[in-house]
Structure formats: structure tokens, C-alpha cells
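For reference, the chains in residue letters:
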Amino acid sequence: MIPAAFEYHVPTSLPEATALLARYGDDAKVLSGGQSLIPMMKLRLATPRHLVDINRIPGLASLREADGVLTIGALCRESELEEAELIRTRYPILVDTCRVIADPLVRNLATVCGNLAHGDPANDHPATMLALAAELVAVGPGGERRVPAAAFFTGPFATALAGDEILTEIRIPTPPPRSGGAYVKLERKVGDFATAAVAAQVTLAPGGTCGRAGIGLTNVGPTPIQARRAEAFLTGKRLEDGVIKEAARLAAEESQPVSDLRGPAEYKRDLVRVLAARALRKALARAGGGR
Ligand SMILES: Cc1cc2nc3c(=O)[nH]c(=O)nc-3n(C[C@H](O)[C@H](O)[C@H](O)COP(=O)(O)OP(=O)(O)OC[C@H]3O[C@@H](n4cnc5c(N)ncnc54)[C@H](O)[C@@H]3O)c2cc1C
């Protein structure tokens, strides 16, 4: 329960932080909320020799909507997202997601960006970011680049971030009118990681058909999964119950669960079908003005 020795760095600017990461390479890790990294260090599953704490860097805690984009900065905590009036009224899918992550104590420290950067396929925000077509901003010594969420998760606990890059911002396109989203998770007990979970976001076209659908799956594969076939099936159709059921079946087909302590693979695949239908129905209701 005691981490291996490490050197603790507290940079006060992004260039200073990325220079430290570049200097120490594989021996360094970014520390944000510490809610995944510190437990792993205590269990000696991670033994970084250098921790680069980004909590003292000004300007990284943004949470704002401007110019058609919702921006969530690297130091925005889960609890801030959950409680913000902007998020409660305009992005209920994000509130759904935050509320099923761990417990309030963890959420007071854990950051949304850390939840993505950790690359854990069991984490909840990645699927939601896939459904919302978010873009992730990475800053390194060479400057800034933007990575679509769809290209960010590259393997179990692996992301497109280079070792000397910091995820500074999540950018979510503001959903057009008549949009709605929902995140639905089954967990064995409150605070647990998902047995399976589904994020769904829909936008209705003027004629009432589905203009865009985004579907992300949690903990049913080596990475979070974007259910592209289900999304394509929904687009252009009226979201009647038979259509929703078929899309949910396609999403289940796209999942890649394995059997483990949370249940057999076949059970999890069927769970994706059930949760996808629930998430889509809730997203549709919200697109129509419901809660
Ligand atoms: C008891 C418990 C239960 C939990 N249950 C859930 C759950 O149900 N669902 C869920 O989604 N999560 C759960 N978590 C995980 C929690 O949400 C994590 O805190 C979160 O995933 C990581 O965010 P963090 O800010 O704490 O990151 P840290 O722990 O500081 O870092 C995690 C990893 O990401 C890297 N990193 C962090 N921030 C950045 C950045 N800005 N740029 C580049 N790299 C970065 C670090 O180097 C490290 O490798 C749980 C955690 C605990 C302790």
C-alpha cells in the first residue's frame, strides 16, 4: 500500500510541464486528480520515478460554452461538471455519466480529462465522448493538436497521447435544437465499474427522422467502442420502437465482451442490447423536450 519512491514536480505553466515530461520520458507520469494513478502506485502496478502534478497550472479548469463548443478543461472535476447549471440544463447525458462514477469523494478530485487519458475501457466518460463526437486537445513541447475521440482510444489503458503530451481540453460540439442524449449503466453495486453501459445521443431532422446518432459502449471490449453500424442504421429513419430495437441489436453485435467476474460474455452482449434500447429511448424523449 506504499508507493515506490518518486520525485514530485509542480510546474506552473504548460511549457514547463511538457518539458519535464519530455526530459523524463517513460519514467514520468502526469498527476491530475490522482484517483486512478495513486491507487495504481500504491499497488505498485505503476512505478513512475517522476510525477508531474498539473494542478498548479493556471487556466486549465475551464467549463464554458462558446462559439458552438462546450469546453471542459484538464482540471475540471467530475463534481463540478455534475453540479454546473449549464451541464444540468443543456447536457443531461454528462450528468448521467458523472453520477454513476465512483462516489462523491472520488468525484470531488477526479478530472474528466483524467478519466479519458487513463485509457481504461471500464471508465464511463469515453463512451459518452464518442456519442457526442468530442475532440480532444493535446499539448506537447511541439505545440497543440486535436484528436477526435474516435481516434483517441488505441488499446487497453492506451491512448493517442504521446508521453510528453498533456490532454488540456475536451471540446464537445454544442448539440443542435431537437437533440437529446442519455447514459445508462448497469453496475453490480453503487460505485462499481460498469458490467456494461451505453451512451446514446440523437439529433432529430426537421421532418422528425434521425439526423444524427452517436452510440458509445463501455467495458465491452479492449477499448470503448463506437457502435458505427447501429448509428448508420438509425440515420434517416423515424425512431419508432422497432427501429430502436434493431439498432440496439446491431450495437450488441458490435460489442466485444469477455467473460469475467462481472458475468459471461453472452450475458454482457445481451445487456448491451437492453441498455442501448433504454439509452436510445431516453435520448429520444429528451430530444423531444422531456427529461
Ligand atoms: C473507488 C474508485 C471507483 C471508481 N469508479 C469509477 C467508475 O465507476 N467509473 C469511472 O469512469 N471511473 C471510476 N474511477 C476512476 C476515476 O474516475 C479516476 O479518477 C479517473 O478515471 C482518472 O482521473 P484523475 O483525474 O483522477 O486522473 P489521475 O489518477 O491523476 O491519472 C490517471 C492517468 O491519466 C493520466 N492523466 C491524467 N490527467 C491527464 C492529462 N490531463 N493529460 C495527460 N495524462 C493525464 C495520468 O498520468 C495517469 O496515467 C474510480 C476510482 C476510484 C478510486
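On a predicted model such as this, the values are computed, not experimentally measured, just so you know.

### Structural notes on the site of the ligand
If you check the shell around the ligand, you find 30 residues, and the closest are Val30, Gly34, Leu37, Thr111 and Asp124. In this structure, Lys29 approaches the ligand through a side-chain N or O atom, which is 3.4 Å from an oxygen atom. Within the contact set of the ligand, an oxygen atom lies 2.7 Å away from a backbone nitrogen or oxygen of Leu37. Protein chains bury 90% of the 970 Å² of accessible surface belonging to the ligand in isolation. With respect to the pocket detection grid, the ligand is positioned in the largest pocket. For the shell around the ligand, the elements supplying multiple residues, two or more each, are strand E2 (28-31), helix H7 (112-117) and strand E10 (166-173). Residue classes in the shell around the ligand are distributed as 14 nonpolar, eleven polar and five charged.

### Brief notes about the nonpolar core
Burial of nonpolar side chains together is a common tendency in soluble globular proteins. In terms of nonpolar packing, the biggest core is built from 45 residues, with Ile72, Leu94, Met129, Ile170 and Ile172 touching the most fellow members. Among the secondary structure elements, those contributing two or more residues to this core are helix H1 (14-24), strand E5 (69-73), helix H5 (92-99), H7, helix H8 (125-131), strand E6 (135-140), E10 and strand E12 (194-204). By size, the runner-up hydrophobic cluster in this structure holds 32 residues, among which are Ala248, Ala252, Val272 and Ala283.

### Examining H5
In terms of burial, H5 is a largely internal element, seven of the eight residues being buried. Restricting attention to buried positions, one finds in H5 the residues Pro92, Ile93, Leu94, Val95, Asp96, Thr97 and Cys98.

Conventions we followed
Residues numbered from 1 in each chain as written. Predicted model: local features only at pLDDT ≥ 70, side-chain atom pairs only at ≥ 80, totals over all residues. Heavy atoms only, no water. Near = heavy atom within 4 Å. Polar contact = N/O pair within 3.5 Å; in protein donor to acceptor, adjacent residues only side chain to side chain. Areas by Shrake-Rupley, 256 points an atom, 1.4 Å probe, with all protein chains shown as cover. 1 Å grid on protein atoms, 1.4 Å probe; cavity = no way out; pocket = protein on both sides within 12 Å on 5 of 7 lines; lining within 4 Å. Sits in = over half its atoms within 2 Å of the grid points. Helix = DSSP H or I, 4+ residues; strand = E, 2+ residues; numbered from the N terminus. Nonpolar A, V, L, I, M, F, W, Y, C, P; charged D, E, K, R; others polar. Core = buried A, V, L, I, M, F, W, Y, C linked by side-chain atoms within 4.5 Å. Buried < 20%, exposed > 50% of the residue type's maximum accessible area, 1.4 Å probe, protein only.

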